[in-house]
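Examining the three-dimensional arrangement
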Amino acid sequence: MSLEARKIRLLMQLRRAGITDTAVLAAIEKVPRERFVPPSFRDQAYENIALPIGLGQTISQPEVVATMTQALEATRRHTVLEVGTGSGYQAAVLSRICRRLYTIERHADLLKEAEARFAELRLHNITWRRGDGSRGWPEPRRFDRIIVTCAAELTPEPLLEQLQEGGCLILPVGGQGRTQELLRLRKTKDGIRQEELGFVRFVPLVADPVERRSAG
Ligand code: SAM
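Fair warning: this is a prediction, and the values are worked out from it, not measured in the lab.

Take empty space enclosed by the protein next. Evaluated as defined, the whole model comprises one cavity of 30 Å³ or more. In this structure, the largest cavity occupies an estimated 350 Å³ of space. Forming the boundary of the largest cavity are 31 residues, of which Gly84, Thr85, Glu105, Thr149 and Cys150 lie nearest the centre. Contributing elements (two or more residues each) for the lining of the largest cavity: strand E2 (57–59), strand E3 (79–83), helix H4 (89–95) and strand E4 (100–105). Top element by residues in the lining of the largest cavity is E2. It accounts for three residues. Grouping the amino acids of the lining of the largest cavity by side-chain chemistry returns 13 nonpolar, 14 polar and four charged.

Bringing the site of the ligand into the picture now. Residues in contact with the ligand amount to 27 residues; listed here are only the nearest, Ser87, Glu105, Asp132, Gly133 and Val206. Asp132 has a polar side-chain atom sitting 2.8 Å from a nitrogen atom of the ligand. Here the ligand has 610 Å² of accessible area as a free molecule, and 99% of this is covered by the chains. At a threshold of 2 Å from the grid points, most atoms of the ligand map onto the largest cavity. For the shell around the ligand, the secondary structure elements donating two or more residues are E2, E3, H4 and E4. Among the elements that take part in the shell around the ligand, E2 stands out by supplying three residues, more than any other. Each residue belonging to the shell around the ligand can be placed in one class, and the counts come to ten nonpolar, 13 polar and four charged.

Outside of glycine, negative phi angles account for most residues, and trans bonds account for most peptide bonds. Even without glycine at this site, Leu55 takes up a positive phi of about 55 degrees. By secondary structure assignment, the location of Leu55 is in the loop between strand E1 (51–54) and E2.

Inspection of the secondary structure assignment puts Thr103 in strand E4. Along the backbone, Thr103 and Ile126 are 23 residues apart, and their C-alpha atoms lie at a distance of 7.4 Å. In this structure Thr103 touches Glu82, Thr85, Ala91, Phe118, Ile126, Thr127, Trp128, Arg129 and Trp137, once residues within four positions along its chain are discounted.

In this structure the tally under the stated criterion is eleven salt bridges. In this structure, the salt-bridge partner of Arg35 is Glu120, at a minimum N-O distance of 2.6 Å. Residue Arg35 is found in the loop between helix H2 (22–30) and E1, and its partner Glu120 is found in helix H5 (residues 108–120); the two are separated by 85 residues along the sequence. Measuring nitrogen to oxygen at the nearest pair gives 3.6 Å for the salt bridge that ties Glu113 to Arg117. One end of the pair, Glu113, and the other, Arg117, are both in helix H5, four residues apart, so they sit about a helical turn from each other. Residue class for Glu113 comes out partly exposed when judged on its relative accessible area of 40%.

Conventions and cut-offs
- Residues numbered from 1 in each chain as written.
- Predicted model: local features only at pLDDT ≥ 70, side-chain atom pairs only at ≥ 80, totals over all residues.
- Heavy atoms only, no water.
- 1 Å grid on protein atoms, 1.4 Å probe; cavity = no way out; pocket = protein on both sides within 12 Å on 5 of 7 lines; lining within 4 Å.
- Points joined across faces, edges and corners; volume = space filled by probe spheres on them.
- Helix = DSSP H or I, 4+ residues; strand = E, 2+ residues; numbered from the N terminus.
- Nonpolar A, V, L, I, M, F, W, Y, C, P; charged D, E, K, R; others polar.
- Near = heavy atom within 4 Å.
- Polar contact = N/O pair within 3.5 Å; in protein donor to acceptor, adjacent residues only side chain to side chain.
- Areas by Shrake-Rupley, 256 points an atom, 1.4 Å probe, with all protein chains shown as cover.
- Sits in = over half its atoms within 2 Å of the grid points.
- Contact = heavy atoms within 4.5 Å.
- Salt bridge = Lys/Arg side-chain N within 4 Å of Asp/Glu carboxyl O.
- Buried < 20%, exposed > 50% of the residue type's maximum accessible area, 1.4 Å probe, protein only.

Limitation: the analysis is restricted to geometry and does not speak to function.
What follows is the structure, given as structure tokens:
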């Protein structure tokens, strides 16, 4: 079966799984997932599975990417932050939906590869940084939407601070080897409203140790 035929089969699977947002389906159709996986996994690029991308990390399962993207309710008016660039695939999908996409990754080598893919695919509305995304974007900034593609034990407070009122944050919460739950947190003028979107399995969000300040 050709990659194109496999992609059509995947899009049908996503529809059956409840992905109805046409902007999300169109973005998944347009972004060549085979360019985001190592060459030895190219044949499996349109299987509905997560695949290894090196350094113990993964490119997420297409159904999870689609579910999180749909739940984010992003539009052309929105600026979005992604924590966990990984291969760059989720960023590429989102960049086709939102106005500007900021993405942060702690592994310099993964970021370098993702950066080359963004250039090759001419995705000019993506800004990337190496760093610890649990601290939020390094410069003070507000985002309309935030998506975290690694699992935190608790929602990182800096992300809630950088979320615009009226915006939402999608993230998996829970430890490794334990059940992780996908949450949508909406920031309203009365506080944070939480919705549970189902169970998932993600690699951990690894926060840098807090620097110790020497006395005197
Ligand atoms: N979104 C990615 C994609 O489309 O390929 C998949 C991400 S992978 C499941 C999770 C990523 O989060 C890994 O690349 C990992 O290095 C990164 N990560 C983990 N902790 C992080 C942190 N504190 N800040 C930024 N990135 C982090």
